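This is what each chain is made of:
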Amino acid sequence: MAKFISITLLCIFLATSHQCLAQSRLDPDSILVGNRQQPQVFMIGTFHFAYFNFDAHKTAKDAQVDILSPQKQKELEQVVQYIARFKPTKIAIEAGANTGYLMRRYEKYLAGEHKLAKNEIEQIGFRLMERFKLDTIYGVDAAPLLNDLYNHKDSLILRPLLDSIYHDWDFQSTDTITKLYKIYYDWDDQITLQLPLLNYFKFLNSDKVLNRGFGAYLNGDFTLGKHRGADALAMHWYARNLRIYRNIQQIVTSPNDRILVIFGAGHIQILKHLFECSPEFKLIKFSEL
């Protein structure tokens, strides 16, 4: 009888162990991450406070948020307080690698000799640098592959090919989806004005809004030719964001890093996907703070 009980217990143990092992193997992170500490990344997609209007959609003057107004400054402080929960150790921004001019402005800001300019780098980035006593801000923006090809030593050969790919790429499409996006962008301008900034940023950085934002790139000029529009997007917009991701990768120096990324929302749509896919990082979504 004792032998029978022992064999029964052994079978139960082996079956349970096999089941636990099978369950752990259903999650790829049991191997790819395990107990390893990952650098954390928190991204804030934003509209450009200075309204450069370099993008296809131009925001009318009367629909632009005055970020320097007393009310918006009060709302912005709430945004900064919210992001501060992340406790960043590094701040990566939409600027080139040479941030010396920004650091000089930051030093003058600390000395009381510079008022924060009308841009998100200073309004959000500088305030958080001061709060967490950070001594560096990292410019991680990048030019697209297209620029390299245009300026390549063989550009006399490459430029006619590139010009043929980008022929009619003019953001002037009239297909149904593009027209709907134009209506959506005008509506978005209005809610940017109406909502408190923190509420708007939560909306702008939600999964569905980010996904639909990237969807704008998948019609209109994207449909040029058989693959021409797809190739154009790959060399221009997608390549740029892959390079931005690579630049962020290169500023990581410790598994304890907590990297805040401040970029135009159009970039976050792709970067979010890249960080979600990589076992190298732990992405903290905007709503998860």
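The shown structure was predicted, so the numbers you read here are calculated from the model rather than taken from an experiment. (Residues numbered from 1 in each chain as written. Predicted model: local features only at pLDDT ≥ 70, side-chain atom pairs only at ≥ 80, totals over all residues. Heavy atoms only, no water.)

Caption draft 1: Representation of the pattern of salt bridges within the structure. Per the stated rule, a full pass over the model turns up 12 salt bridges. Residues Glu107 and Arg104 are paired through a salt bridge, measuring 2.9 Å at the closest nitrogen-oxygen approach. One end of the pair, Glu107, and the other, Arg104, are both in helix 4 (residues 100-110), three residues apart, so they sit about a helical turn from each other. On the basis of relative accessible area, Arg104 is assigned to the partly exposed category, the value being 45%. The partner of Lys272 in a salt bridge is Glu276, with the nearest N and O atoms 3.5 Å apart. Separated by four residues within a single helix, Lys272 and Glu276 lie in helix 12 (residues 265-277), roughly one turn from each other. When its relative accessible area of 39% is taken as the criterion, Glu276 is described as partly exposed. (Salt bridge = Lys/Arg side-chain N within 4 Å of Asp/Glu carboxyl O. Helix = DSSP H or I, 4+ residues; strand = E, 2+ residues; numbered from the N terminus. Buried < 20%, exposed > 50% of the residue type's maximum accessible area, 1.4 Å probe, protein only.)

Caption draft 2: A look at the nonpolar core. With 41 residues, the main nonpolar core has Ile44, Ile91, Phe126 and Ile137 as its most contacted residues. Mapped by element, the contributors of at least two residues to this core are strand 1 (40-46), helix 3 (70-83), strand 2 (90-93), helix 4, helix 5 (120-131), helix 9 (197-204) and strand 4 (258-264). Residues Leu210, Trp237, Phe281 and Leu283 belong to the second largest nonpolar core, which totals 31 residues. (Core = buried A, V, L, I, M, F, W, Y, C linked by side-chain atoms within 4.5 Å.)

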